[in-house]
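# Observations on the model geometry
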Amino acid sequence: MYTTDLRTKEQKQKDQQEQLATVTEDDAAFQERIDDDQFIEPKDYMPEAYRKTLIRQIAQHAHSEIVGMLPEGNWVTRAPSLRRKLILIAKIQDEAGHGLYLYSAAETLGVARDDLVQELHEGKAKYSTIFNYPSLNWADIGAIGWLVDGAAITNQIPLCRTSYGPYARAMVRVCKEESFHQRQGYELMMAMAKGSEAQKEMAQDALNRWWWPSLMMFGPPDAESTHTAQSMAWKIKRFTNDELRQRFIDATIPQAEALGLTVPDPDLKWNEERGHYDYGEIDWDEFWAVVRGEGICARDRIRDRVNAYEDGAWVREAAEAYAAKQNQKAAVA
Ligand code: FAQ
């Protein structure tokens, strides 16, 4: 069974270096294929550390999609119109689909989905920090679509060219759907920001609360990132955490300006020389606390996932019984 890696960052880096010091002929041929931009497929040779890194990242990504349904699910019964309710339900269903593609991609690496899900339910698996923040007002649904899906796309478009074939192919469809999600979020924010004074205040409040956590989605600064260097060498990651964070900020500030909203960062300003926005210090203590499982909603999220899984037992049993019946029929025919 795959278990969450509990080694310290220093230990992980040391182990990685030791592992890489013993390069076999197969490893060298593998790296040549990577350098040549070929996709690696499930039955191809791959170093054990590459396989483990992929399982870790894909599983965390799958869990994020599934847990990510919860902050939005909180608003399905209170959506202000039938149109908004339908859009929200469709979006949440899409996230479930993304989780399924990703668990399937992880399974091609020799892990069982049940084991991954069990790890999540036992609180041992990581998922994106962003989903441990509460969705407090209706504008949060707009902010999640605009900022959280916006950050997700910025990170995931390069993953369409990640070196592992099944992960890359899953990302192509995921990105198309995330792009729709981002636009519906922005459209919702626009309706709120151009609405009554109270609606505009709600939109600003949502931006204030979701801005910094959205920047944290890209992971720790490059200098503190355990996996970036090796994942870039393997072309699992195509850009570093800081590069993608900057790309997201540069794209999002003009969108906030068009909404007439203020990004809650007094240090934010365009830097002509760099051709990028400069931005203020991210609260990394808060980030690491949430990574450790101390986020506001962390306990609720796991409890809700466990309850949903237990409540869904009859659906899984019915699906299995139906599949067994179909197999029986096929065997007789
Ligand atoms: N949250 O060395 P790095 C979505 C951990 S999907 C929690 O930089 P890496 C859709 C990291 O795991 C959002 N933990 O790690 C949606 C590692 O710990 P470990 C999810 C984090 O992997 C929208 C340690 O810190 N997207 O939103 C986070 O090279 C709306 C050191 O970090 C993906 O998963 C974090 N934010 O880079 C759904 C995309 N950041 O494992 C519903 C794929 C870092 O050693 C509604 N993943 N950590 O114990 C990736 O691109 C990468 O995994 C990064 C992190 C960039 C997230």
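See the structure above.
Description of the structure in this document. Note that the structure is a prediction, hence the values are computed from the model and not measured.

Parameters and conventions
- Residues numbered from 1 in each chain as written.
- Predicted model: local features only at pLDDT ≥ 70, side-chain atom pairs only at ≥ 80, totals over all residues.
- Heavy atoms only, no water.
- Helix = DSSP H or I, 4+ residues; strand = E, 2+ residues; numbered from the N terminus.
- Rg over C-alpha atoms; globule rule 2.2 N^0.38 Å.
- Buried < 20%, exposed > 50% of the residue type's maximum accessible area, 1.4 Å probe, protein only.
- Contact = heavy atoms within 4.5 Å.
- Near = heavy atom within 4 Å.
- Polar contact = N/O pair within 3.5 Å; in protein donor to acceptor, adjacent residues only side chain to side chain.
- Areas by Shrake-Rupley, 256 points an atom, 1.4 Å probe, with all protein chains shown as cover.
- Core = buried A, V, L, I, M, F, W, Y, C linked by side-chain atoms within 4.5 Å.
- Axes fitted to C-alpha atoms, helices over the stretch in contact; angles between N-to-C directions.
- Parallel < 35°, antiparallel > 145°, perpendicular 65-115°, else oblique.
- Nonpolar A, V, L, I, M, F, W, Y, C, P; charged D, E, K, R; others polar.
- Phe/Tyr/Trp six-rings, centres within 6.5 Å; stacked < 30°, edge-to-face > 60°.
- Lys NZ or Arg CZ within 6 Å of the ring centre and 35° of its normal.
- Patch = residues over 30% accessible without salt bridge, like charges linked within 9 Å, V, L, I, M, F, W, Y side chains within 5 Å.
- Salt bridge = Lys/Arg side-chain N within 4 Å of Asp/Glu carboxyl O.
- Lys, Arg positive; Asp, Glu negative; His and termini not counted.
- Charge placed at Lys NZ, Arg CZ, Asp CG, Glu CD.

This part covers the overall build of the chain. On a plain count of helices and strands, the chain comes out with 14 helices and two strands. In terms of C-alpha radius of gyration, the chain reaches 21 Å, essentially the compact-globule figure of 20 Å for 333 residues. Structurally, the chain occupies a C-alpha span of about 60 × 60 × 35 Å along its principal axes. Taken over 333 residues, the chain has a buried fraction of 49%. Looking at the chain alone, contacts between residues at least 24 apart form 78% of all its contacts between residues at least 6 apart.

As a matter of local geometry, the ligand sits amid 37 residues, with Lys12, Lys126, Ser225, His227 and Lys237 nearest to it. Between the ligand and Lys126 there is a distance of 2.5 Å, counted from an oxygen atom to a side-chain nitrogen or oxygen. When the free accessible area of the ligand is taken as 1100 Å², the share hidden by the protein chains comes to 95%. At the level of secondary structure, the elements contributing two or more residues to the shell around the ligand comprise helix H3 (48-67), helix H5 (82-107), helix H7 (139-156), helix H8 (165-193) and helix H12 (284-294). Considering every element that reaches the shell around the ligand, the biggest residue donor is H3, with six residues.

This part covers the nonpolar core. In this structure, Tyr50, Ile58, Tyr164, Trp210 and Trp211 are the most contacted members of the largest nonpolar core, which totals 80 residues. With nine residues, H3 is the largest single contributor of residues to this core. Residue contacts for Trp211: discarding those within four places in its chain leaves Leu147, Phe248, Ile249, Thr252, Ile253, Val263, Pro264 and Asp265.

In this section: the packing of helix H9 (residues 197-216) against helix H11 (residues 241-259). Where H9 meets H11, the closest approach of the two axes is 10 Å, and the angle between their N-to-C directions is 150°. Taken together, the axis directions place H9 and H11 in an arrangement best described as roughly antiparallel. Along its contact with H9, which presents Trp211, Ser214, Leu215 and Met216, the element H11 presents Arg245, Phe248, Ile249, Thr252 and Ile253. Looking at the contact of H9 with H11, its residues break down into six nonpolar, two polar and one charged.

Take the packing of aromatic side chains next. Across all of its chains, the model carries ten aromatic pairs by this definition. Centre to centre, the rings of Phe30 and Tyr45 are 6.5 Å apart; their planes meet at 80°, and the pair counts as edge-to-face. With Phe30 in helix H2 (residues 25-35) and Tyr45 in the loop between H2 and H3, the pair connects residues that are 15 residues apart, well separated along the chain. Judged by centre distance (4.8 Å) and plane angle (70°), the ring pair of Phe30 and Tyr50 falls under edge-to-face. With a gap of 20 residues between them, Phe30 in helix H2 and Tyr50 in helix H3 connect regions that are remote in the sequence. Of the aromatic side chains, those joined through ring pairs into one cluster are Phe30, Tyr45, Tyr50 and Trp234. When the ring centre of Trp75 is taken as reference, the NZ or CZ atom of Arg78 above it lies at 4.0 Å.

Let us look at the environment of Leu259. Structurally, Leu259 is set in helix H11. A residue is classified by how much of its surface remains accessible, and Leu259, at 1% relative accessible area, is buried. With 68 residues separating them along the chain, Leu259 and Asn327 place their C-alpha atoms 55 Å apart.

Turning our eyes to something else, we now look at the environment of Gln93. Relative to the elements of secondary structure, Gln93 occurs in helix H5. For the pair formed by Gln93 and Met69, sequence separation is 24 residues and the distance between their alpha carbons is 8.1 Å.

Turning next to a negative patch on the surface. Residues Glu107, Asp114, Glu317 and Glu320 make up a contiguous surface patch of negative charge. Turning to its location among the elements, Glu320 is positioned in helix H14 (residues 313-332).

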